[in-house]
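# Summary of structural features
Each chain, letter by letter, is given below.
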Amino acid sequence: MIKVENIHKYFDQQHVLKGINLSVKKGEVVSILGPSGSGKSTLLRCINFLESPTSGIVEINGKKVNSESASKKDILDVRTLTGMVFQQYNLFKNLTVLQNVMIGLTSVKRINPVEAKKKSIEILEKVGLQNRLNHYPVQLSGGQQQRVGIARALALNPEVLLFDEPTSSLDPELVDEVLTVIKDVANEGNTMLIVTHELNFAREISDRIIFMEDGLILEEGSAEQIFSNPSVERTKKFLSKVL
Ligand code: ADP
Ligand code: MG
């Protein structure tokens with residue numbers, strides 16, 4: 001479903017991704033762990049072309065884009081195949097919960113407002129926000145805002161869901177309600193790539209775990225293998241510090 005071939009990313013002189021290769025199968029849940037600054041967010045943003053990779057190839061559901069010759073249409077196509085959930089939610093503050101979820105359907109997918117509304121309400125029910133349809137983001141807790149963020153991503157039926165530290169901005173007591181929603185989404189067979197520092201969560205839901213450092217994938221394996229028997233010293237050290 002996702003194939004990333006030899007992605008490099010420079011910000012000016014800084015070499016942030018140093019040749020990343022990665023494949024994710026349909027329905028697979030893959031978590032990316034690693035220290036701050038290792039390039040995890042940049043990798044997710046290169047996969048949906050929120051950042052253009054300096055070189056390399058991104059393929060999503062058979063749509064193959066070479067970053068060095070990507071057209072605007074290529075980039076739009078890749079964007080519509082992916083849904084992203086951000087650490088800071090990135091909701092429209094002047095729109096209600098319902099409007100935040102509907103807007104992608106009406107403006108990007110050109111679905112008529114009646115149908116878009118019906119579908120948005122269904123998805124908001126799924127994330128437990130059926131009683132908050134007409135609230136504005138500022139009237140919601142962080143956990144509720146992030147659930148809107150997840151609903152918005154799901155509404156567009158993307159082939160791939162990308163989560164960038166979806167619980168890192170939340171007060172500790174609000175983390176679980178968001179993780180529970182993400183687990184439900186994973187259990188529905190969605191293809192997901194998740195950057196997270198929630199190690200227990202990653203261990204529980206991931207089919208595979210990737211450990212990144214300094215722009216490279218240092219190690220990857222099953223949750224079991226990475227947590228109980230990491231083969232790379234750096235991974236061991238990271239896990240022992242965080243746990
Ligand atoms: P992580 O998500 O693993 O913490 P990031 O991908 O955010 O790491 O960042 C990796 C490196 O790239 C950091 O040194 C960061 O400062 C740099 N970086 C990220 N985004 C930008 C940007 N838009 N412009 C310049 N440097 C950036
Ligand atoms: Mg990051």
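This structure is a prediction, so every number in the text was calculated from the model and none was measured.

Rules used throughout
Residues numbered from 1 in each chain as written. Chains lettered and ligands numbered in written order. Predicted model: local features only at pLDDT ≥ 70, side-chain atom pairs only at ≥ 80, totals over all residues. Heavy atoms only, no water. Near = heavy atom within 4 Å. Polar contact = N/O pair within 3.5 Å; in protein donor to acceptor, adjacent residues only side chain to side chain. Helix = DSSP H or I, 4+ residues; strand = E, 2+ residues; numbered from the N terminus. Nonpolar A, V, L, I, M, F, W, Y, C, P; charged D, E, K, R; others polar. Pairing = 2+ DSSP bridges. Axes fitted to C-alpha atoms, helices over the stretch in contact; angles between N-to-C directions. Contact = heavy atoms within 4.5 Å. Parallel < 35°, antiparallel > 145°, perpendicular 65-115°, else oblique. Left-handed = near helix turned anticlockwise from the far one by under 90°.

## With respect to the site of ligand 1
- The local shell around ligand 1 consists of Phe-11, Gln-14, Val-16, Pro-35, Ser-36, Gly-37, Ser-38, Gly-39, Lys-40, Ser-41, Thr-42 and Glu-51.
- A distance of 2.9 Å separates an oxygen atom of ligand 1 from a polar atom in the side chain of Ser-41.
- In terms of residues, the shell around ligand 1 owes the most to one element, helix 1 (residues 40-47), which gives three residues.
- Of the residues belonging to the shell around ligand 1, the class tally is three nonpolar, seven polar and two charged.

## Focus on the sheet that holds strand 10 (residues 216-221)
- Strand order in the open sheet formed by six strands is 6-7-8-3-9-10, and the pairing between neighbours is mixed. Each of the sheet's edge strands pairs with one partner strand only, and the pair in question is strand 6 (82-85) and strand 10. Along the sheet, successive strands turn relative to each other by an average axial angle of 20 degrees, direction set aside.
- Note that strand 3 (residues 29-33) and strand 8 (residues 191-195) share four bridges and pair parallel. Bridged to Val-30 within strand 8 is Leu-193.
- Running over the sheet, helix 1 touches strand 3, strand 6, strand 7 (160-164), strand 8 and strand 9 (208-213) and is turned about 155 degrees from strand 7.

## Brief notes about the pairing of strand 4 (residues 55-60)
- With five bridges joining them, strand 1 (residues 2-11) and strand 4 adopt antiparallel strand pairing. For Ile-2, the partnering residue across the bridge sits in strand 4 and is Ile-60.
- Relative to strand 5 (residues 63-66), strand 4 runs antiparallel, the two being bridged by four bridges. Paired with Ile-57 across the two strands is Asn-66, which belongs to strand 5.
- As consecutive antiparallel partners, strand 4 and strand 5 are separated by two residues, and within that stretch Asn-61 has a phi angle of approximately 45 degrees, a positive value.

## Considering the packing of helix 4 (residues 113-126) against helix 5 (residues 142-155)
- Interaxial distance between helix 4 and helix 5 falls to 9 Å at its minimum, and their mutual angle equals 135 degrees. Looking at the two axes, helix 4 sits oblique to helix 5. Crossing handedness for the pair helix 4 and helix 5: right-handed. Side by side, helix 4 and helix 5 meet where Lys-119, Ile-123, Leu-124 and Lys-126 of the first sit next to Ala-151, Leu-154 and Ala-155 of the second.
- Considered class by class, the residues forming the contact of helix 4 with helix 5 number five nonpolar, no polar and two charged.

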